[in-house]
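# Fold and contact review
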Amino acid sequence: MINKKAFITGVNGQDGSYLAEYLLSLGYEVHGMIRRHSMAENQDSRVTHLTDKIVTHYGDLLDESSIDTILKKITPDEIYNIGAQSHVRISFDIPQFTVKTNALGVLNMLESYRRVCPDAKFYQASSSEMFGNSVDEDGFQRESTPMTPVSPYGCSKLFAYSIVKNYRNSYKLHATNGILFNHESPRRGSNFVTNKVVKTAVQIKLGLSKNLELGNMDTYRDWGHSKDYVKAMHMILNHEKPDDFVVSTMITHSVREMTDYVFKKLDLNYKDYVSENIILKRPEELKYLKGDSTKTRTILGWKPEYTFESMLDEMIEYWLDKFN
Ligand code: F7E
């Protein structure tokens with residue numbers, strides 16, 4: 001068992017909750033930062049089952065003093081900065097909040113980290129959204145692919161990624177970036193496309209809903225499972241040399257293919273229920289993602305256990321259970 005202390009921002013999110021479970025299973029003492037919401041249930045809804053196992057602290061990436069206080073109190077060995085405004089389309093509605101949280105928030109974390117506990121290791125949740133519409137000639141994005149983001153979210157994440165590298169080199173910190181492609185699970189917010197499709201398809205199957213409106217169905221994403229990806233986070237942070245790693249399945253599917261798979265699994269034809277609504281499209285769209293995670297697989301020995309199909313099957317089962 002590992003006798004270490006980990007601190008996770010965004011512990012109440014999809015990834016934060018799976019990461020907390022994974023680190024607990026390895027023997028870690030796990031601390032998480034949660035933000036205050038007006039609904040009491042919202043502060044820790046994804047980690048209520050861990051109430052007796054983890055320690056939560058109120059704080060905010062935009063409140064530097066709260067980060068300082070928490071880091072001083074815990075003196076963690078490992079810091080996972082996973083908290084963010086993570087919805088790409090919503091980042092067009094609230095660009096300034098997105099940039100403050102995802103870019104300046106990371107700088108706030110780094111400043112506290114460097115002053116309070118510079119011997120800790122730091123993981124930054126970087127994103128394939130940073131690539132924008134850059135694709136290498138062989139159809140993949142990898143660590144060396146130029147980054148040309150096409151959303152306020154992507155731009156904010158590119159700043160964060162860059163400042164992490166800058167702090168690593170300037171202050172000799174063990175600060176790392178995981179460049180994660182899309183990753184889903186039953187815990188994914190249901191305003192992200194996979195869980196929106198699965199949840200609504202199950203509702204249609206059970207007569208609880210009549211139709212599903214989507215935005216652009218002809219974009220491609222490389223979708224993995226969050227449970228596999230949080231293990232990669234731990235490996236990236238614990239690699240002897242602080243570095244940047246792509247985490248992906250190396251397989252891509254369109255939103256249309258994903259929708260077709262989910263409806264077929266429920267013996268339905270998506271064409272009878274799904275329509276495209278321009279309101280759900282983005283002002284600028286990232287059209288195609290397929291990540292080359294060879295570096296991560298070779299150097300860290302990581303590989304995913306879930307497939308695209310087994311991940312969606314698990315999500316379908318979850319919603320069938322929930323509504324039945
Ligand atoms: O969209 C299209 C949409 O919102 C996927 C975040 O975790 O992964 C995620 O960002 C695709 C896009 O994820 C709807 O236009 C069609 O092309 O599930 P999404 P995302 O934008 O790729 C990256 C790696 C992150 O880092 C982010 O934090 O699906 N799409 N119709 C739709 N998307 C949504 N949300 N809703 C629709 O109705």
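A brief structural summary. (Residues numbered from 1 in each chain as written. Predicted model: local features only at pLDDT ≥ 70, side-chain atom pairs only at ≥ 80, totals over all residues. Heavy atoms only, no water.)

To continue, consider the packing of aromatic side chains. Inspection of the entire model under this criterion finds 11 aromatic pairs. With a centroid separation of 6.1 Å and 55 degrees between ring planes, the pair formed by tyrosine 261 and phenylalanine 308 is classed as tilted. With tyrosine 261 in helix 8 (residues 255-265) and phenylalanine 308 in helix 10 (residues 308-323), this pair connects stretches of sequence that are 47 residues apart. The burial state of tyrosine 261 is the same as that of phenylalanine 308; both residues are buried. Pairing phenylalanine 263 with tyrosine 273 gives two aromatic rings, centres 6.1 Å apart and planes at 25 degrees, and the pair type is stacked. (Phe/Tyr/Trp six-rings, centres within 6.5 Å; stacked < 30°, edge-to-face > 60°. Helix = DSSP H or I, 4+ residues; strand = E, 2+ residues; numbered from the N terminus. Buried < 20%, exposed > 50% of the residue type's maximum accessible area, 1.4 Å probe, protein only.)

With that out of the way, let us pick up the site of the ligand. The full set close to the ligand counts 21 residues, and Ser86, Ser127, Tyr153, Arg282 and Glu285 are the nearest of them. Interatomic distance of 2.5 Å between a side-chain N/O atom of glutamate 285 and an oxygen atom of the ligand. Across the complex, the protein chains shield 95% of the 700 Å² of accessible surface that the ligand would expose by itself. Per-class residue counts for the shell around the ligand are 7 nonpolar, 9 polar and 5 charged. Two domains each donate at least three residues to the shell around the ligand, and these are domain 1 (5-183 + 224-247) and domain 2 (191-220 + 252-288 + 308-323). (Near = heavy atom within 4 Å. Polar contact = N/O pair within 3.5 Å; in protein donor to acceptor, adjacent residues only side chain to side chain. Areas by Shrake-Rupley, 256 points an atom, 1.4 Å probe, with all protein chains shown as cover. Nonpolar A, V, L, I, M, F, W, Y, C, P; charged D, E, K, R; others polar. Domains from an automatic or database assignment.)

This paragraph deals with the packing of helix 4 (residues 95-116) against helix 5 (residues 152-171). For any two helices packed against each other, the geometry is given by the interaxial angle and the distance between the axes. Packing of helix 4 against helix 5 leaves a shortest axis separation of 8 Å and a crossing angle of 15 degrees. Between helix 4 and helix 5, the angle falls in the class roughly parallel. Note on packing geometry: the crossing formed by helix 4 with helix 5 is right-handed. Between helix 4 and helix 5, the residues in contact are Pro95, Thr98, Val99, Asn102, Ala103, Val106, Leu107, Leu110, Glu111 and Arg114 and Pro152, Tyr153, Ser156, Lys157, Phe159, Ala160, Ile163, Val164, Tyr167 and Tyr171, respectively. Residue composition of the contact of helix 4 with helix 5, by class: 14 nonpolar, 3 polar and 3 charged. (Axes fitted to C-alpha atoms, helices over the stretch in contact; angles between N-to-C directions. Parallel < 35°, antiparallel > 145°, perpendicular 65-115°, else oblique. Left-handed = near helix turned anticlockwise from the far one by under 90°. Contact = heavy atoms within 4.5 Å.)

Everything listed is a geometric property; what it means functionally is a separate question.
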